Amino acid sequence: QVQLVESGGGLVQPGGSLRLSCAVSASFHSFNAMGWYRQAPGNKREMVAVIISGGSTNYADSVKGRFTISKDSAKNTVWLQMNGLKPEDTAVYYCHADQLMSSGRFEYWGQGTQVTVSS
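In this report, we go over the structure that sits alongside the text. Since the model is a prediction, treat every value here as computed from it, not as a measurement.

1. Focus: the overall build of the chain
- What the chain contains, in helices and strands, is 0 helices and 11 strands.
- From first element to last, N terminus to C terminus, the chain shows the α and β order β-β-β-β-β-β-β-β-β-β-β.
- Computed over C-alpha atoms, the radius of gyration of the chain comes to 14 Å, within 12% of the 14 Å expected from 2.2 N^0.38 for 119 residues, which places it in the range of a compact globule.
- Dimensions of the chain, computed from C-alpha atoms along their principal axes, come out at roughly 50 × 25 × 25 Å.
- When the accessible area of the chain is evaluated, it comes to approximately 6300 Å², of which 48% is carbon and sulfur surface.
- Computed over 10 positive and 8 negative side-chain charges, the inter-centroid distance for the chain is 2 Å.

Below, the structure written as structure tokens:
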């Protein structure tokens, strides 16, 4: 069973920065995409940033230019660097992995880490 463990959330003032980490219990070679999603109270879970196996990235319009997703396959870790944080970035952030195997397609989620942006 693949496990994803997030860390790095917390309380930060508007304009501040946080770096989220996601440690994955399996080799990155089996995943075709890794990403970060978030869910604020009363809202649907939304995509924040995705990185494809080849290294291409995709961001939600609301975070472009402020957030950066990256990965280190040797460390089985994905990061989300968040700069210029705004109160509307407050949410639970989830790490996600998409795995395409000969036996089918599988999705994995972490337990989530809370990010609160407030003065």
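2. Quick word on the state of the cysteines
- Under the criterion given, the structure shown has 1 disulfide.
- Here Cys22 is linked by a disulfide to Cys95, with a sulfur-sulfur distance of 2.1 Å. Here the S-S torsion is close to -85°, and the disulfide linking Cys22 with Cys95 is therefore left-handed. You can see Cys22 sitting in strand β3 (residues 18–24) and its partner Cys95 sitting in strand β9 (residues 91–101), a full 73 residues away along the chain. Assigned by exposure class, Cys22 and Cys95 land together as buried.

3. With respect to the pairing of strand β8 (residues 77–82)
- The buried fraction of β8 is high, at 5 of 6 residues.
- Both β3 and β8 contribute to a ladder of 6 bridges, which runs antiparallel. Bridging from a neighbouring strand, Cys22 pairs with Val78 of β8.
- Sheet analysis places strand β7 (residues 67–72) next to β8, joined by 6 bridges and oriented antiparallel. From the neighbouring strand, Ser70 faces β8, where its bridge partner is Trp79.
- Hairpin geometry of β7 and β8 is characterised by an intervening segment of 4 residues between the two adjacent antiparallel strands and by a positive phi of about 50° at Asn76.

What counts and what doesn't
Residues numbered from 1 in each chain as written. Predicted model: local features only at pLDDT ≥ 70, side-chain atom pairs only at ≥ 80, totals over all residues. Heavy atoms only, no water. Helix = DSSP H or I, 4+ residues; strand = E, 2+ residues; numbered from the N terminus. Rg over C-alpha atoms; globule rule 2.2 N^0.38 Å. Areas by Shrake-Rupley, 256 points an atom, 1.4 Å probe, with all protein chains shown as cover. Lys, Arg positive; Asp, Glu negative; His and termini not counted. Charge placed at Lys NZ, Arg CZ, Asp CG, Glu CD. Disulfide = S-S within 2.5 Å. Buried < 20%, exposed > 50% of the residue type's maximum accessible area, 1.4 Å probe, protein only. Pairing = 2+ DSSP bridges.

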